[in-house]
Amino acid sequence: YANDDFLFCRPVDRGSYFQSDGTPLVAYWRYGWTARIRGKRYHAGWRGEPDRTDTAFKNAWKNVNALLDREFGTRVRYITRHHAAPLRKGMLLEAARLLPDALARTSRSRFRALTDVTPVALAQYVALYQGRAVASQGGLREAVVPIGDEARLNRRLIWRASAARPHLLCLNDMSSERAAPEVD
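Because the structure is a prediction, the values reported are computed rather than measured.

What counts as what
Residues numbered from 1 in each chain as written. Predicted model: local features only at pLDDT ≥ 70, side-chain atom pairs only at ≥ 80, totals over all residues. Heavy atoms only, no water. Phe/Tyr/Trp six-rings, centres within 6.5 Å; stacked < 30°, edge-to-face > 60°. Helix = DSSP H or I, 4+ residues; strand = E, 2+ residues; numbered from the N terminus. Core = buried A, V, L, I, M, F, W, Y, C linked by side-chain atoms within 4.5 Å. Buried < 20%, exposed > 50% of the residue type's maximum accessible area, 1.4 Å probe, protein only. Contact = heavy atoms within 4.5 Å. Salt bridge = Lys/Arg side-chain N within 4 Å of Asp/Glu carboxyl O.

Undergrad: Residues and numbers for the packing of aromatic side chains, please.
TA: Enumeration over the complete set of coordinates arrives at 3 aromatic pairs. Ring geometry for F72 and Y129: centres 5.0 Å apart, planes at 50 degrees, overall tilted. Placement of F72 in helix α1 (residues 56-72) and of Y129 in helix α4 (residues 119-129) is noted, with a sequence separation of 57 residues between them. Aromatic pair Y125 and Y129: ring centres 5.7 Å apart, planes at 45 degrees, arrangement tilted. With a gap of 4 residues between them, Y125 and Y129 both fall in helix α4, about one helical turn apart.

The structure is reproduced here in structure tokens:
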């Protein structure tokens, strides 16, 4: 699975996403197992009620953690890497079987509602907890470029991220707030 804002910039192969027996590899961020977004470090350990003052990203992880805590117990969880994710149909079906209301609510909601979950991350964690996937720090380089309203700034950020020669490049729709591209 890859979001519609991803570009493949270098060759990848099956081994980047699956073990030799076909088991999916769930990749996490290398930054101390946290993500660095706009210069700030995050982990997916957020708990509590979603809040309109938080980002949609953080609220979705709060919802994912609440569901996974209920199903599998409270554990520390980390952000999955922001690139193409290896999924098997069975992973999504199992997440839908275990947590149908959450996925249905997300499907029905407006874009980035407070009640949304991150379906791919949810399916990956369910697969990890059931032994159907394996955790990995991943070997692919990705870059996330915050695309805003300023064309010249966008071009400069894209060139800077491209110079790092990532395997995957995400052109993330953001506000025109000045930010550097995030490259791993």
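Back to the write-up after that little detour.
Undergrad: Residue-level account of the nonpolar core, with values.
TA: With 23 residues, the main nonpolar core has W61, V117 and L122 as its most contacted residues. Listing elements by their share of this core, those giving two or more residues are α1, α2 (89-98), α3 (100-108) and α4. When residues of this core are assigned to their parent elements, the largest contribution, 7 residues, is made by α4. The residues touching L122, leaving out its near neighbours within four places in the chain, are V64, L67, L68, L99, L103 and V117. Counting 8 residues, the second largest nonpolar core, distinct from the first, contains F6, Y17, F18 and C170.

Undergrad: Can you break down the pattern of salt bridges residue by residue, with the values?
TA: Considering all chains together, one arrives at 7 salt bridges under this definition. Residue D54 pairs with K62 through a salt bridge whose shortest N-O separation is 2.6 Å. Given the relative accessible area of 8%, K62 is considered buried. Close ionic contact of E142 with R81 constitutes a salt bridge, the shortest N to O distance being 2.9 Å. Here E142 is found in strand β6 (residues 142-147), whereas its partner R81 is found in the loop between α1 and α2, with 61 residues between them in sequence. There is no split in this pair, since E142 and R81 are both buried.

On their own, these measurements won't tell you what the molecule is for.
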